[in-house]
Amino acid sequence: MDKKLYMVSLGPGDIDLLTIKALESLKNCEAICVPTKSSDHSFKKSMTKKIIDKLFVKYNFNKDLIPVYTPMHFKKEDWQYQVDIIQDTLKKYNKVCFITLGDAAVYSTVYYLLDIIKVQDKSLYDNCEVIAGVTSFSNASARVKKPLCMGDSKFEIIPLLDKDIPSTKIYMRPKIGFDTSVLPSSNSFYTFENLNYDFEKITPKKIEKTTKYMTLFIDFYS
Ligand SMILES: C[S@@+](CC[C@H](N)C(=O)[O-])C[C@H]1O[C@@H](n2cnc3c(N)ncnc32)[C@H](O)[C@@H]1O
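Summary of the structure given here. Here the structure is a predicted model, which is why all the values come from computation and not from measurement.

## Looking at the sheet that holds strand β1 (residues 4–9)
Working step 1: In space, the five strands of this open sheet follow the order β3-β2-β4-β1-β5, with parallel pairing throughout. Each edge of the open sheet is held by one strand with a lone partner, namely β3 (64–69) and β5 (128–131). This sheet shows a mean twist of 25° between the axes of neighbouring strands, independent of strand direction.
Working step 2: The sheet strands contacting helix α2 (residues 47–59) are β2 (31–36), β3 and β4 (95–100), and the helix crosses β2 at an angle near 145°.

## Side note on the state of the cysteines
Working step 1: This structure, assessed with the given rule, holds zero disulfides.
Working step 2: Unpaired in this structure, Cys-97 has its nearest cysteine sulfur neighbour in Cys-29, at a distance of 3.7 Å.
Working step 3: In this structure Cys-97 comes out as buried when scored by relative accessible area, which is 0%.

## Description of the environment of Ile-51
Working step 1: Counting through the fold element by element, Ile-51 comes out in helix α2.
Working step 2: Residue class for Ile-51 comes out buried when judged on its relative accessible area of 6%.
Working step 3: When the C-alpha atoms of Ile-51 and Gly-13 are compared, they prove to be 6.5 Å apart, with 38 residues separating the residues in sequence.
Working step 4: Those residues in contact with Ile-51 that sit more than four places away from it in its chain are Leu-10, Gly-13, Ile-15 and Leu-101.

## A short note on the site of the ligand
Working step 1: Around the ligand sit Pro-12, Leu-101, Gly-102, Asp-103, Val-106, Tyr-107, Thr-135 and Ser-136, and those are all the residues in its vicinity.
Working step 2: Leu-101 has a polar backbone atom sitting 3.0 Å from a nitrogen atom of the ligand.
Working step 3: Between the ligand and the protein, one listed contact pairs an oxygen atom with a side-chain N or O atom of Ser-136 at 2.6 Å.
Working step 4: Contact with the protein chains hides 45% of the accessible area of the ligand, taken as 570 Å² for the molecule alone.
Working step 5: Broken down by class, the residue content of the shell around the ligand amounts to four nonpolar, three polar and one charged.

## Here's the deal with the layout of surface pockets
Working step 1: Roughly 220 Å³ of internal volume is contained in the second largest pocket.
Working step 2: Lining the second largest pocket are Gly-11, Pro-12, Gly-13, Leu-101, Gly-102, Asp-103, Val-106, Tyr-107, Thr-135, Ser-136, Phe-137 and Asn-139.
Working step 3: Among the residues forming the lining of the second largest pocket, the class breakdown is five nonpolar, six polar and one charged.

## A closer look at the sheet that holds strand β8 (residues 201–203)
Working step 1: Pairing in this open sheet of four strands is antiparallel, and the strands run β6-β9-β7-β8 from one edge to the other. Unpaired on one side and paired on the other, β6 (169–171) and β8 mark the two borders of the sheet. Going from strand to strand, the sheet's axes swing by 15° on average, the running direction of each strand aside.
Working step 2: The pairing of strand β7 (residues 189–193) with strand β9 (residues 215–219) spans five bridges and is antiparallel. When the bridges of β9 are listed, Glu-193 appears paired with Thr-215.

Definitions and cut-offs
- Residues numbered from 1 in each chain as written.
- Predicted model: local features only at pLDDT ≥ 70, side-chain atom pairs only at ≥ 80, totals over all residues.
- Heavy atoms only, no water.
- Pairing = 2+ DSSP bridges.
- Helix = DSSP H or I, 4+ residues; strand = E, 2+ residues; numbered from the N terminus.
- Axes fitted to C-alpha atoms, helices over the stretch in contact; angles between N-to-C directions.
- Contact = heavy atoms within 4.5 Å.
- Disulfide = S-S within 2.5 Å.
- Buried < 20%, exposed > 50% of the residue type's maximum accessible area, 1.4 Å probe, protein only.
- Near = heavy atom within 4 Å.
- Polar contact = N/O pair within 3.5 Å; in protein donor to acceptor, adjacent residues only side chain to side chain.
- Areas by Shrake-Rupley, 256 points an atom, 1.4 Å probe, with all protein chains shown as cover.
- Nonpolar A, V, L, I, M, F, W, Y, C, P; charged D, E, K, R; others polar.
- 1 Å grid on protein atoms, 1.4 Å probe; cavity = no way out; pocket = protein on both sides within 12 Å on 5 of 7 lines; lining within 4 Å.
- Points joined across faces, edges and corners; volume = space filled by probe spheres on them.

Quick look at the structure:
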């Protein structure tokens, strides 16, 4: 049987903001790899463990939990260690979840780990699914009933670092027939059309002209 790894976004801490897809993957897996900042591999300093405990109670299920020491030092050897634990776990179990706070796309460990897994075990990488979640800032916006962007405005995510950094840009709300040559040239563009609806199409470049309103472009940072 193929081994399956799920990178599960847990959302912003309110278990009612967990997606159904995330819940199903947690219920259907055999073990959950749980990040913890405790160097003794306990769950004392694990925020994700608290969320998992609440989910076990609310939805009446249980899974083996594997601590993954994540010191947040941004060191390759730490990510390698975390990948080693995930791979060891997959020797024992066929379906494993790794969990992360908020959404995996936003400053999470998930993609450091996937970069290593892609090189080390391509078939596991191909069998891995990332499950999207509610971000901390979507939740914050909802809590105070203030939009992040509307009409003629945009929103930016700015990490508080003292250096210039590359940025991902998301272009949305194109008019039908929009000529994309006005967008920057870049090798990191993707076009997403009708995502999750009929005629869904994901193109790993900038399409020339838009034919659907439900089109968004992401120029991923590189
Ligand atoms: C490593 S990033 C993870 C972001 C997360 N993946 C997301 O989708 O929001 C951690 C930062 O997200 C913000 N954050 C995450 N959860 C939060 C919360 N519950 N309350 C306030 N800020 C939060 C804080 O700025 C924190 O320093």
